[in-house]
2 protein chains.
Amino acid sequence: MQYRFVPNVQQGKASAVREILKLTQGKSMISLAGGLPNEALFPMEAVRSAADRALSGDPQALQYGITEGYVPLREKLCERMAERKNIHVGLENIMLTTGSQQAIDLLARVYLEPNDVVLVENPTYLACLHVLRFRDVHIVPVQSDEHGMIPEDLENKIKQYAPKMVYVVPTFSNPTGNVWSVERRLALLNACRAHEILILEDDPYGELRFGDQDGQAQDAANPQDPFPTIFSLDQHPDDSVVVYTSTFSKTVAPALRTGWAIADKRVIQMMTRMKQSVDIHSSMLDQQILYELLNATDFSLDQHISEIRTEYESRMLLMKSLLEGDDWRETSWTTPKGGMFFWVELPDGLDADALLRVSVMKGVAFVPGSDFYAAEAKRNRMRLNFTHSSREQITKGMHILAESIGEFVARS
Amino acid sequence: MQYRFVPNVQQGKASAVREILKLTQGKSMISLAGGLPNEALFPMEAVRSAADRALSGDPQALQYGITEGYVPLREKLCERMAERKNIHVGLENIMLTTGSQQAIDLLARVYLEPNDVVLVENPTYLACLHVLRFRDVHIVPVQSDEHGMIPEDLENKIKQYAPKMVYVVPTFSNPTGNVWSVERRLALLNACRAHEILILEDDPYGELRFGDQDGQAQDAANPQDPFPTIFSLDQHPDDSVVVYTSTFSKTVAPALRTGWAIADKRVIQMMTRMKQSVDIHSSMLDQQILYELLNATDFSLDQHISEIRTEYESRMLLMKSLLEGDDWRETSWTTPKGGMFFWVELPDGLDADALLRVSVMKGVAFVPGSDFYAAEAKRNRMRLNFTHSSREQITKGMHILAESIGEFVARS
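Residues numbered from 1 in each chain as written. Chains lettered and ligands numbered in written order. Predicted model: local features only at pLDDT ≥ 70, side-chain atom pairs only at ≥ 80, totals over all residues. Heavy atoms only, no water.

Glancing now at the relation of the copies chain A and chain B. Mapping chain A onto chain B calls for a screw motion: a turn of 180° about the axis and a shift of 0.0 Å along it, with 0.0 Å RMSD after fitting. Taken together, these values place the two copies in the relation of a two-fold axis. Both copies present the same face, since 100% of the interface residues in chain A are matched by interface residues at the equivalent positions in chain B. (Least-squares fit on C-alpha atoms with pLDDT ≥ 70 in both. Contact = heavy atoms within 4.5 Å.)

Put into structure tokens, the structure is as follows:
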């Protein structure tokens, strides 16, 4: 049998992270690669009793559900988005997806056609690049610094390419950990509104903020929220230029695969129509478990997130102290204000892909930066995750990485 | 904001079943419409204790998993497919999906390009037609009778259209409930192998067989299996012309959204690459619950399926006895050997869509046949589900339908 696959699927290279995970299978490997939350922090007992409650009532719990997702959880999310993100929408503006990854894919399928142009940060989330490549669109990177896309280049790219969509991770971006300033958020919003360009605001890490342990800064009552969502700045829930997406994967647990998309109801209707054909609906049991968890008397998601933040910040500070060591003096990086990653610039000419091959042999994995660029990859960047490995692993792994970098520098 | 959706998404009409469900929302309605299993038969207690076991161990249970799906469940499915379907494959030949619906969509995305031709039964499963329409392929129906596609027309269509794929539901087909004869299965297989056309064999209902309560007929030890899977007839697991898909939705519960695809490992690799970008993986908790359920000491899936069969057969016989009544004498139908549906031919000139509008006003819903045709719909067909409603509802609903039909016939 001669199979005839779609060319851009057959030719697409597998994700670097995935290939790295394969390299590490069955080996004792310190992985600073994935974007994995720390499983020691998963609220196992609370999820277990939530599951028990979800499965103790009407057997309707295991029946087919509606494509948009479990209504009580969507209602709960509307409340939570209003309280914490200043996003005020109704049930018709929100749908549940299999992680926020599926929200990206569904939107791409209903909104993008081959040869459409999509603007992205430079660098950006690699799995969004994969979605866009499968859609055969032109991906155009916009010059970006630690405050977001640079408005002048954004305007130039809009004039030059007439893009249909812009994809951004404005808060604790993947891979750089950057946070967009309010000015840059407004500049993007205004430019896109003027030119009717859809913004996909991907916010998986927004709740993982450091140095803000009371968790109240994002409250609607506080007009000084330093990182307002672009959706909330738009204040056009019924005619929004923004599609907002987030997930429980980083705050509760990835295995439950529950993300959500918030948008104008026409966008949600189109995405729902597509999802109906894609998988009918996502796991209804997971959605009911999350609802029970949010309603639990013995569990507070806000308290849980606060604990995660404290723990992740402490690991971030450990990695920062190691990066400040003499071993790493030829690298540069900025301290992340939240999220899961350090983005490290290696000495000129040091190829992070080559460094990875050497360091994997020594038992340490990371993600080389090249995969995060839509075009003209910078080869001397690396992404380091500080949330998943233990303190001992982080310390040991960083020493091995520094040693490998030292060998490369000495050789060149 | 002027949204610019992809035209074939914006223009696509919503599923008739979905629209009917909307009509029935909030009303006391007898629905013979959906393909819903009976929730009274869901193994709630067994699922609840399986969930408890899945959540009692290593917190790794809630971490990201691999895209192909939970390895122990895939291993278990390989055993089960060998025992019950004479399908002998390894881990590299099987992946888990969000229901078998997602397997259809993933295969369409890796294998079909716009303007490719796909052959389907006439009529066929409407949600597969939706997937194919979103891929912008040409859908060509092949003349079909109660034994499957008619070989002469199949050969003609192959010559005329050079199709890339054929989609079939050979065992207890949706909507007709038909079972393909072994001769027709072999004729399809041989034609497709000769012309290198991929067969997508969709088998959601295969285990819901009537008049076979010991459940052993599909055992590999029994060479007389009257309905062998086309995949098993191919006997080319490593170079198969067939992609086989099935699901736990009809045997355990739909909310767990777990289906699987079995194919040559290159096909599984491509579908996995696409799925990585689509949603990373399906619910890992659902997959672990199903694994725990299959391994439970206090639950036997085979025994459970046997109970479902008995119950569904008895409801089917009730509906059959009603259809044999004088009220329905101007209709024709065949007795299903399994599955969930009667496919009823109404008197010439009676439009089932018009009948639906009338019967919904009287409190009964069904699915008119027109949506199941890729082209030139027959308007005088209806699909009746006998698994979801109670006996009383079935009896009452069928009387109301007969009354409505009588009014139409009297008027014409």
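Having put the structure on the table, let's press on.
Residues and elements named next belong to chain B. Looking at the element boundaries, Leu-233 is found in helix α9 (residues 230–234). Here Leu-233 falls in the partly exposed class, since its relative accessible area comes to 25%. Taking the C-alpha atoms as reference points, Leu-233 and Leu-189, 44 residues apart in sequence, are found 8.0 Å from one another. Each residue touching Leu-233, except ones within four places of it in the same chain, is listed here: Arg-185, Leu-186, Leu-189 and Pro-228. (Helix = DSSP H or I, 4+ residues; strand = E, 2+ residues; numbered from the N terminus. Buried < 20%, exposed > 50% of the residue type's maximum accessible area, 1.4 Å probe, protein only.)

All names here are of chain A. Segmentation of chain A into domains returns domain 1 (7–42 + 302–410) and domain 2 (44–295). Once you take the C-alpha centre of each, domain 1 and domain 2 turn out to be 25 Å apart. Contacts between the two partners involve 32 residues from domain 1, matched on the other side by 40 residues from domain 2. With both sides pooled, the region where domain 1 packs onto domain 2 buries about 3100 Å², and carbon together with sulfur makes up 59% of that total. (Domains from an automatic or database assignment. Buried area = accessible area lost by both parts, 1.4 Å probe.)

With 85 residues of chain A at the contact, the number on the chain B side is 85 residues. Counting each side, the surface lost to burial between chain A and chain B is near 7600 Å², with a carbon and sulfur contribution of 58%. Our count for the chain A to chain B interface comes out at four salt bridges. One salt bridge in this structure joins Arg-48 of chain A and Asp-52 of chain B, with 3.0 Å as the shortest N-O distance. The interface formed by chain A and chain B contains 44 residue pairs in polar contact (both at pLDDT 80 or more). Mapped by element, the contributors of at least two residues to the side of chain A that touches chain B are α1 (7–11), α3 (44–54), α5 (99–111), α6 (126–134), α10 (265–279) and α11 (284–294) of chain A. Top element by residues in the side of chain A that touches chain B is α10 of chain A. It accounts for ten residues. (Salt bridge = Lys/Arg side-chain N within 4 Å of Asp/Glu carboxyl O. Polar contact = N/O pair within 3.5 Å; in protein donor to acceptor, adjacent residues only side chain to side chain.)

Let's shift gears to the packing of α11 of chain A against helix α11 (residues 284–294) of chain B. Between α11 of chain A and α11 of chain B, the least distance of the axes is 8 Å, while the angle of their chain directions is 110°. Taken as axis vectors, α11 of chain A and α11 of chain B run roughly perpendicular relative to one another. When α11 of chain A is examined against α11 of chain B, the residues Leu-285, Asp-286 and Ile-289 of chain A are found in contact with a partner set consisting of Leu-285, Asp-286 and Ile-289 of chain B. Of the residues in the contact of α11 of chain A with α11 of chain B, the class split is four nonpolar, no polar and two charged. (Axes fitted to C-alpha atoms, helices over the stretch in contact; angles between N-to-C directions. Parallel < 35°, antiparallel > 145°, perpendicular 65-115°, else oblique. Nonpolar A, V, L, I, M, F, W, Y, C, P; charged D, E, K, R; others polar.)

Time to look at helix α13 (residues 352–361) of chain B. Residues and elements named next belong to chain B. Where burial is concerned, most of α13 is hidden: seven out of the ten residues are buried. Listed in full, the buried residues belonging to α13 are Ala-352, Asp-353, Ala-354, Leu-355, Leu-356, Ser-359 and Val-360. Backbone nitrogen of Asp-353 and a side-chain oxygen of the N-cap are separated by 2.7 Å at the start of α13; the cap is Asp-351.

Take the sheet that holds strand β14 (residues 381–385) of chain B next. Residue and element names in this part refer to chain B. In space, the three strands of this open sheet follow the order β11-β14-β13, with antiparallel pairing throughout. Sheet topology places β11 (341–345) and β13 (367–368) at the edges, where each strand pairs with a single neighbour. The pairing of β11 with β14 spans five bridges and is classified as antiparallel. Each bridged residue has a counterpart across the sheet, and for Glu-345 the counterpart in β14 is Arg-381. (Pairing = 2+ DSSP bridges.)

Before going further, it helps to examine unusual backbone geometry. The phi angle of most residues is negative, glycine excepted, and most peptide bonds adopt the trans form. In this structure, Pro-123 of chain A follows Asn-122 of chain A across a cis peptide bond, with omega equal to 5°. Its location among the elements puts Pro-123 of chain A in the loop between β3 (117–121) and α6. Positive phi, normally seen in glycine, also occurs at Asn-86 of chain B, with a value near 55°. Looking at the secondary structure, you find Asn-86 of chain B in the loop between α4 (71–85) and β2 (94–98). The phi angle at Ala-162 of chain B is positive, at roughly 45°, despite the residue not being glycine. By the element assignment, Ala-162 of chain B lies in the loop between α7 (151–161) and β7 (165–168).

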